[in-house]
Amino acid sequence: MANSRLEKIGTIYTRAAGLIKSGAKRWEDRPLWFDVYEAFPPKEEPKYDRPSPNLKLQQIFYDEDKIRAMFHKANKNIGSIDLFKSQSSTLTQRFIECYRKIDEKYEGKEDAQKVYDEALQLLKLEKDSKEMESINTTIDS
């Protein structure tokens, strides 16, 4: 049964149009994309054997992508984030901010690994101070 679906014969549009034309599918039951496809047909028919265009892909990397990659490579289990709390920054964002501050301090002349280690220490200190702050507020209450 699975071999009877010949994707090499025609496109999804021609097969849907053929079903409507033959009466196997009613016009009212046509797919949502059918009218859009008829109104705006592609320049080239999307067939399986069409050669892919030879385009040069542009690599898009930002400086923070390299920092983020270093952080996530060493720290696989950083926990989850609450997407409903958009006002708070994520752990990765805070690390990138720490990394940039330290990198500015060294004016970009220091080794990336040393800056990474210092940023990680700074982030841990920041986390510990927040935990102590939360403990103090619960004690005061």
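Residues numbered from 1 in each chain as written. Predicted model: local features only at pLDDT ≥ 70, side-chain atom pairs only at ≥ 80, totals over all residues. Heavy atoms only, no water.

An unreviewed UniProt entry lists the protein under the name Small ribosomal subunit protein mS23, with Cryptolaemus montrouzieri given as the organism. The Subcellular location (unreviewed entry) comment attached to the protein in UniProt states, word for word, "Mitochondrion". Under the UniProt heading Sequence similarities (unreviewed entry), the note attached to the protein is "Belongs to the mitochondrion-specific ribosomal protein mS23 family." (UniProt positions renumbered as here; feature names shortened; annotations may be inferred.)

*Asks:* Would you mind showing me how to read the overall build of the protein here?
*Replies:* Along the backbone of the protein there are five helices and zero strands. Ordered by position from N to C terminus, the α and β elements of the protein give α-α-α-α-α. The buried share of the protein, taken over its 141 residues, is 13%. In the protein, of all internal contacts separated by at least 6 residues, the share reaching a separation of at least 24 is 43%. For the protein, the exposed area adds up to about 12500 Å²; of that, 54% sits on carbon and sulfur atoms. (Helix = DSSP H or I, 4+ residues; strand = E, 2+ residues; numbered from the N terminus. Buried < 20%, exposed > 50% of the residue type's maximum accessible area, 1.4 Å probe, protein only. Contact = heavy atoms within 4.5 Å. Areas by Shrake-Rupley, 256 points an atom, 1.4 Å probe, with all protein chains shown as cover.)

*Asks:* Help me out: how do you make sense of the packing of helix α3 (residues 63-74) against helix α4 (residues 91-105) in this one?
*Replies:* The relative placement of two packed helices comes down to the angle between their axes together with the axis-to-axis distance. It is at 10 Å that the axes of α3 and α4 come closest, and there the two elements cross at 115°. Once α3 is placed against α4, the crossing between them reads as right-handed. Of the residues in α4, those in contact with E64, I67, R68, M70, F71 and H72 of α3 are L91, T92, F95, I96, Y99 and R100. For the contact of α3 with α4, a count of residues per class yields seven nonpolar, two polar and three charged. (Axes fitted to C-alpha atoms, helices over the stretch in contact; angles between N-to-C directions. Left-handed = near helix turned anticlockwise from the far one by under 90°. Nonpolar A, V, L, I, M, F, W, Y, C, P; charged D, E, K, R; others polar.)

*Asks:* Help me understand the side chain of T11 in this model?
*Replies:* Within the secondary structure layout, T11 lies in the segment before α1 (12-22). Relative accessible area serves as the criterion here: at 5%, T11 is assigned to the buried category. If sequence neighbours within four positions are ignored, T11 has contacts with E45, P46 and K47.

*Asks:* Before we go on, may I ask you to explain α4 in this structure?
*Replies:* Turn by turn, an α-helix covers 3.6 residues, leaving residues three or four places apart pointing in a common direction. In this model, α4 (15 residues) spans 21 Å end to end at C-alpha, consistent with the 21 Å of a helix rising 1.5 Å per residue. When we look at burial in α4, the residues that qualify are T92, F95, I96, C98, Y99 and I102. Down the axis, α4 shows its buried residues gathered within 165° of arc, on one side only. Exposed residues on α4 whose side chains face more than 90 degrees from its buried face are K101, E104 and K105. E107, located one to two residues past α4, shows a positive phi value of around 60°. (Expected span 1.5 Å × (residues − 1). Arc of directions from axis to C-beta.)

*Asks:* When you look at the packing of α1 against helix α2 (residues 32-39) in this model, what are you seeing that I'm missing?
*Replies:* At a closest axis distance of 11 Å, the pairing of α1 and α2 adopts a crossing angle of 110°. Classed by the angle they form, the pair α1 and α2 counts as roughly perpendicular. Pair α1 / α2 crosses with left-handed handedness. Side by side, α1 and α2 meet where I12, Y13, A16, A17 and I20 of the first sit next to W33, F34, Y37 and E38 of the second. Its residues placed into classes, the contact of α1 with α2 shows eight nonpolar, no polar and one charged. (Parallel < 35°, antiparallel > 145°, perpendicular 65-115°, else oblique.)

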